[in-house]
Amino acid sequence: TMLSRSSILAARSLSKSGSVMFRVGAAGQLQCFHSSPPLNEKTSHDSAATSHWKFERVASVALLGLVPAAAIVGPNQGIDMALSVLIPLHCHWGMQQVIMDYVHGKTTLTAANAALSLLSLLAFAGMVHFTLYDVGPTKAVQLLWTIK
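Fair warning: this is a prediction, and the values are worked out from it, not measured in the lab.

A. Examining the overall build of the protein more closely. Scanning the protein from N- to C-terminus turns up five helices and two strands. Its helices and strands taken in sequence order, the protein reads α-β-β-α-α-α-α from the N to the C terminus. Burial status across the protein gives 20% buried among its 148 residues. Sequence-distant contacts, at least 24 apart, represent 46% of the contacts inside the protein between residues at least 6 apart. Surface summary for the protein: the accessible area is close to 10,700 Å², and the carbon and sulfur share equals 67%.

B. Structural detail: the nonpolar core. Formed by Ala-59, Leu-63, Leu-66, Ala-70, Ile-79, Leu-83, Leu-86 and Trp-93, the largest nonpolar core amounts to eight residues. Mapped onto this core, the elements with two or more residues apiece are helix H2 (44-73) and helix H3 (77-102). Each residue touching Ala-70, except ones within four places of it in the same chain, is listed here: Ile-79, Leu-83 and Thr-138.

C. Molecular detail of the pattern of salt bridges. In this structure the tally under the stated criterion is one salt bridge. Between Arg-57 and Glu-56 there is a salt bridge whose closest N-O contact spans 3.3 Å.

D. Representation of the packing of helix H4 (residues 106-133) against helix H5 (residues 136-145) in the model. Interaxial distance between H4 and H5 falls to 7 Å at its minimum, and their mutual angle equals 80°. The orientation of H4 with respect to H5, classified from their angle, is roughly perpendicular. Only Gly-136, Pro-137 and Ala-140 of H5 make contact with H4, whose side of the interface consists of Met-127, Phe-130 and Thr-131.

E. Structural detail: the side chain of Thr-131. Secondary-structure assignment places Thr-131 in helix H4. Polar contacts involving the side chain of Thr-131 include one to the side chain of Ser-84, which spans 2.7 Å. Among all residues touching Thr-131, those that are not within four sequence positions of it are Gln-77, Asp-80, Met-81, Ser-84, Gly-136 and Pro-137.

F. Here's a closer look at the packing of H3 against H4. It is the contact of H3 with H4, at a shortest axis distance of 9 Å, that shows an interaxial angle of 170°. In terms of their interaxial angle, H3 and H4 are classed as roughly antiparallel. At the point where H3 passes H4, the crossing takes the right-handed sense. Here Gln-77, Asp-80, Met-81, Leu-83, Ser-84, Val-85, Ile-87, Pro-88, His-92, Met-95, Gln-96 and Ile-99 of H3 lie close against H4, whose contacting residues are Leu-109, Ala-112, Asn-113, Leu-116, Ser-117, Ser-120, Ala-123, Phe-124, Met-127, Val-128, Thr-131 and Leu-132. Looking at the contact of H3 with H4 residue by residue, the class counts come to 15 nonpolar, eight polar and one charged.

Here is what the cut-offs are and how they apply
- Residue indices follow the written sequence of each chain, beginning from 1 at its first position.
- In keeping with the predicted nature of the model, local features appear solely for residues at pLDDT of at least 70, side-chain atom pairs appear and are counted solely at 80 or more, and the whole-chain, interface and lining totals rest on all residues.
- Hydrogens and waters are ignored; side-chain quantities use all the structure's heavy atoms.
- Only DSSP runs of H or I with at least four residues qualify as helices, and only runs of E with at least two residues qualify as strands; both kinds are numbered from the N terminus onward.
- Burial classes follow relative accessibility: with a 1.4 Å probe on protein chains only, a residue under 20% of its type's maximum area counts as buried, one over 50% as exposed, and anything between as partly exposed.
- Whether two residues are in contact is decided by their heavy atoms: any pair within 4.5 Å suffices.
- Areas reported here follow the Shrake-Rupley algorithm with a probe of radius 1.4 Å; residue values treat only the protein chains shown as occluding.
- The criterion is simple. A nonpolar core is a set of buried Ala, Val, Leu, Ile, Met, Phe, Trp, Tyr and Cys residues joined through side-chain atoms within 4.5 Å.
- A pairing counts as a salt bridge when a side-chain nitrogen of Lys or Arg comes within 4 Å of a carboxyl oxygen of Asp or Glu.
- Under this scheme, a helix contributes an axis fitted over its contacting stretch, all axes are lines through C-alpha atoms, and angles between N-to-C directions fall in the 0 to 180 degree range.
- Note on terminology: angles under 35 degrees are roughly parallel, angles over 145 are roughly antiparallel, angles of 65 to 115 are roughly perpendicular, and the others are oblique.
- Nitrogen and oxygen atoms within 3.5 Å of one another constitute a polar contact, given that in protein one can donate a hydrogen and the other can accept it, and given that sequence-neighbouring residues count only through two side-chain atoms.
- Each crossing gets its hand from how the near helix is turned against the far one by less than a right angle, where anticlockwise is left-handed and clockwise is right-handed.
- Charged residues are taken to be Asp, Glu, Lys and Arg, nonpolar residues to be Ala, Val, Leu, Ile, Met, Phe, Trp, Tyr, Cys and Pro, and polar residues to be all remaining types, Gly included.

Here you go:
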């Protein structure tokens, strides 16, 4: 359809998530369509999601290094404390994805996220307490492997 100058300006002003593009149709008519935002345009949500994704990858790679280091070095409070932080955090992020995929409804989603946050906080506190006042995760695994 033919677009007037005012409808083109209105379409441009309404486009927030992408850009409005125009082309000349087969009959010489100006046509309007909506495209995705260019790759170089960043929104605050995009950068926050990217940062979160990077933190998840850093935590996963750190765990890949810490688990063998704990096995090689043996009980070490620094490694145990890093494991006490990263294991609950890694589990929290993983379960958060499961909740996002499978839990629907605003109230149910809010309750599931609240329960996950509480359980993650308790897991973190338990791991830190276990590291500071007991044998820690590395020694606990060693003791489990030596049970006859």
